[in-house]
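What the coordinates show
One letter stands for each residue in the lines below.
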Amino acid sequence: MSAFGLVLIFGLNAMIGADLLREHDEILGQAWEETQSLSLILERQATDSVAGVAKILAGTAEVLNRRPYVWDAGDLGAQALLRRQAALSPLIHALLVVSADGKLIHDSTTMAPMNPDLSDREYLTIHDTNVGGGLYVGTPVFSRVAGAWLVTMSRRLEANDGRFAGAVVAMIDPTAFRSFYEAFRLRNGTMVTLYHANGPMMARYPDAATDANRVAQPLPPSATRLKPGMTGTEHVSETNDGPDRIISHRRSADLPLVVTVSMATDRLLQPWRGKLVLSLVITACGSAMLAFLTFALVREAGRREAMLADLQNSERALRDSQQRLIQDIAGRYRAEAELIAAKQASDAANRAKTQFLANMSHELRTPLNAIIGFAEALETGIFGQLSGKPAEYIGDIRRSGQHLLSLINDILDTTKIESGKYALHEEVVNIRDTVEESLRSLTPQAAEKSITLTSTLPEDPPCLFADERAMRQVLLNLLSNALKFTPVGGRVAVMVDVSERNLRLRVIDTGIGIPQGELTQVLEPFHQVDNSHTRRYAGTGLGLPLVKSLVEMQEGRFLLTSAVGRGTTATILFPISRLRRPPPVPPTPDSGPTDVAATDDTTAITVPTTADTAPRQLETLS
């Protein structure tokens, strides 16, 4: 019986061990194949990209050899040709024309290139004896013109009599390859490196861009022995990418390029090691259980005594468990009391914060209104016309004050809504007038970025029973957001339509869009999509949360849909019960023109342009 138990334990352990070894080999085999496939794909991409640059160089050299004034510095035709050709490939940082004596004649990036001595550069000297104009692909060099590490490619230029006249040179930015590598979402510590066949490293991902041409990391010896168009894979303990990795090398068949792809075996085998530990634990437990059962069958008396001892141990464990349960219940009661106290303290702090923001907003708005009023008065020329820098600075003061005042108003409205003190003044609102006024107020801002503003409304839209100021603020917030995040030359549209169930108002833009995972977060106060210290777009993150709150206070719904790179659609839905027939429009007498009108929510102040009443009007504005 004892022998049978030992055989059973050994057989179980052997089966589990064989399964683990098989899975270990499968994981490494899959990584082997994956690195080979990835190195082939990336080698073809690098070869095709560099071959495209080679074709551009060949076409450029052919055209330049036929131009009689190619060696005249500042030739507009040659400069335009170089710019057109450089724009054909994202790899090209600049196209240069260098004479045989090392002078920089043309640079596609500037009409007035620097005058460095390039006579010692290999991309020029190699063509002095290379008759026929073959392609040269160089190792990374530090460009004295661009001030960065670049890879050079060049072709020979000849005079009419066939003599060596110079070279047309393409400066390739090695970091351009990194953006392609990033798209693969590499895992398991995978690293991709692009080498020149002569040894120096050209690009790597993931790694620092300053690693180009690092002498400490040349082309691995196993890769130097590869024939063009061949792939080699090996499992090595030490590589340029780190210890213990599976690495595949692929050499281009047409160009002096080598791509290496390596995976860290530690990362690959991490899940397997977890399973190994678990299997060992299970095996140990199973073995112990089988040994215990075998021992119990042989020693019946001992088993009974052990059972009795176990029963006694269980009784003691039960008593200990009951004691621990009592202590745990007491601890839970204490934790619940602490949570209640913490919640009360949090609520008090939130109320204090809301009151503080409301008070500070009121205190800040009063001097800001004075600053804006005085700036507008000076800008209109009450004390005399300003010109030059003073007029520019006064405009900056007014715009900055208005921007800060809008932010304070948003904060004040948000605190009012949070504290339940925001009062609605609902009335019959003409949707068409509200939309047109909002578009007119933002037309200058759209014109600065050449953005097209359009609106689409029914011929006879119904009126809406709502707070007119709140609706205007909602539209202005949505349109301002759309203009802010829409690039130059984009489009922003306002569309209104009515169905049997609701009135739908949409603001559609062609801006940068919002990721799907952040559509709900941007509706929270003070949250922005780009939350870094170096974000491109200013703002407090209160616009969309304020719009949502104002719409929901008026029985509406606010929806947000977006696609990154395509734009955002903000939709407002009001129920049919909120719609009203438009009232008849009474005739209004014509009003005379005024010079400048400064308005807020409840008052309008007319500022005449006479200097004798300036002090009184400034006091009124402040």
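Here, the structure is the one placed above.
Keep in mind it's a predicted model, so treat the numbers as computed, not measured.

Reading the values: the criteria
Residues numbered from 1 in each chain as written. Predicted model: local features only at pLDDT ≥ 70, side-chain atom pairs only at ≥ 80, totals over all residues. Heavy atoms only, no water. Helix = DSSP H or I, 4+ residues; strand = E, 2+ residues; numbered from the N terminus. Buried < 20%, exposed > 50% of the residue type's maximum accessible area, 1.4 Å probe, protein only. Contact = heavy atoms within 4.5 Å. Areas by Shrake-Rupley, 256 points an atom, 1.4 Å probe, with all protein chains shown as cover. Pairing = 2+ DSSP bridges. Axes fitted to C-alpha atoms, helices over the stretch in contact; angles between N-to-C directions. Salt bridge = Lys/Arg side-chain N within 4 Å of Asp/Glu carboxyl O. Patch = residues over 30% accessible without salt bridge, like charges linked within 9 Å, V, L, I, M, F, W, Y side chains within 5 Å. Parallel < 35°, antiparallel > 145°, perpendicular 65-115°, else oblique. Left-handed = near helix turned anticlockwise from the far one by under 90°. Nonpolar A, V, L, I, M, F, W, Y, C, P; charged D, E, K, R; others polar. Expected span 1.5 Å × (residues − 1). Polar contact = N/O pair within 3.5 Å; in protein donor to acceptor, adjacent residues only side chain to side chain. Core = buried A, V, L, I, M, F, W, Y, C linked by side-chain atoms within 4.5 Å.

**Observations concerning the overall build of the protein**
Scanning the protein from N- to C-terminus turns up 13 helices and 20 strands. The buried share of the protein, reckoned over its 622 residues, is 38%. Taking the intrachain contacts of the protein between residues at least 6 apart in sequence as the baseline, contacts between residues at least 24 apart amount to 62%. Working note: accessible area of the protein is about 35200 Å², and carbon and sulfur atoms make up 57% of it.

**A closer look at the sheet that holds strand β5 (residues 164-172)**
What the five strands build is an open sheet, ordered β2-β1-β5-β4-β3; its pairing is antiparallel. For this open sheet the edge positions go to β2 (104-107) and β3 (136-142), each flanked by a neighbour on one side alone. When the angles between neighbouring strand axes are averaged without regard to direction, this sheet yields 30°. In this fold helix α2 (residues 76-86) packs onto β1 (92-99) and β2, with an angle of close to 145° to the strand it touches most, β1.

**Describing the pairing of strand β16 (residues 557-563)**
Along β16, the buried face is formed by F558, L560 and S562; none of R557, L559, T561 and A563, which line the opposite face, is buried. Two elements, β16 and strand β17 (residues 567-575), share seven bridges in a ladder whose sense is antiparallel. Note on β17: the bridge partner recorded for L560 is A570. Adjacent in sequence and paired antiparallel, β16 and β17 are bridged by three residues, among which G565 carries a positive phi angle near 85°.

**Remarks on the pattern of salt bridges**
Using the criterion set out here, one finds 18 salt bridges in the structure. The partner of R250 in a salt bridge is E43, with the nearest N and O atoms 3.3 Å apart. Separated by 207 residues along the polypeptide, R250 in strand β9 (residues 242-251) and E43 in helix α1 (residues 2-66) bring together distant segments of the chain. E43 shares its class with R250; the two are buried.

**What to know about the sheet that holds strand β14 (residues 491-498)**
In space, the five strands of this open sheet follow the order β12-β14-β15-β17-β16, with mixed pairing throughout. Every other strand in the sheet has two partners, leaving β12 (452-456) and β16 as the edge strands with one partner each. Going from strand to strand, the sheet's axes swing by 10° on average, the running direction of each strand aside. Note that strand β15 (residues 502-509) and β17 share seven bridges and pair antiparallel. Bridged to R506 within β17 is T571. The strands that helix α10 (residues 431-448) touches are β12 and β14; relative to β12, the one it contacts most, it runs at about 175°.

**Details of a nonpolar patch on the surface**
A surface patch of nonpolar side chains, amounting to about 320 Å² of accessible area, comprises M289, F292 and L293. On the secondary structure map, M289 appears in helix α7 (residues 270-298). Using a relative accessible area of 54% as the deciding quantity, one classes M289 as exposed.

**A look at the packing of helix α11 (residues 468-484) against helix α12 (residues 543-553)**
When two helices pack together, their arrangement is given by the angle between their axes and by how far apart the axes lie. Where α11 meets α12, the axes come as close as 10 Å, and the angle between the chain directions of the two elements is 150°. By the angle class used here, α11 and α12 are roughly antiparallel. For α11 against α12, the interelement crossing comes out left-handed. Across the interface between the two elements, A470, Q473, V474, N477, L478 and N481 of α11 pack against G543, L544, L546, V547, L550 and V551 of α12. Per-class residue counts for the contact of α11 with α12 are eight nonpolar, four polar and no charged.

**Some points on the environment of I431**
Inspection of the secondary structure assignment puts I431 in helix α10. Once residues lying within four places of it in the same chain are set aside, the contact partners of I431 are L457, P462, L464 and V496.

**Here's the deal with α11**
Compared with an ideal rise of 1.5 Å per residue, which puts 17 residues at 24 Å, α11 spans 24 Å between its outermost C-alpha atoms and is within 8% of the ideal. If you check the start of α11, you find a side-chain oxygen 3.0 Å away from the backbone N of R469, and it comes from D467.

**Quick notes on the nonpolar core**
Judged by nonpolar contacts, the single largest core of 39 residues is most densely connected at V435, L478, V507, F558, L560 and I572. Contributing elements (two or more residues each) for this core: α10, β13 (463-467), α11, β14, β15, α12, β16 and β17. In terms of residue count, the dominant contributor to this core is α11 (eight residues). Residues in contact with L478, not counting those within four places in the same chain, are V507, L544, V547, F558, A570 and I572. By size, the runner-up hydrophobic cluster in this structure holds 37 residues, among which are A46, V53, A54 and L95.

**Remarks on unusual backbone geometry**
A cis amide bond links Y205 to the next residue, P206, at an omega of -5°. Of note, P206 is situated in the loop between β7 (201-205) and α5 (221-224). Although it is not a glycine, S450 adopts a positive phi angle of roughly 55°. With respect to the helices and strands, the residue S450 is situated in the loop between α10 and β12. Judged by its relative accessible area of 47%, S450 is partly exposed. Non-glycine residue E555 carries a positive phi angle of around 65°.

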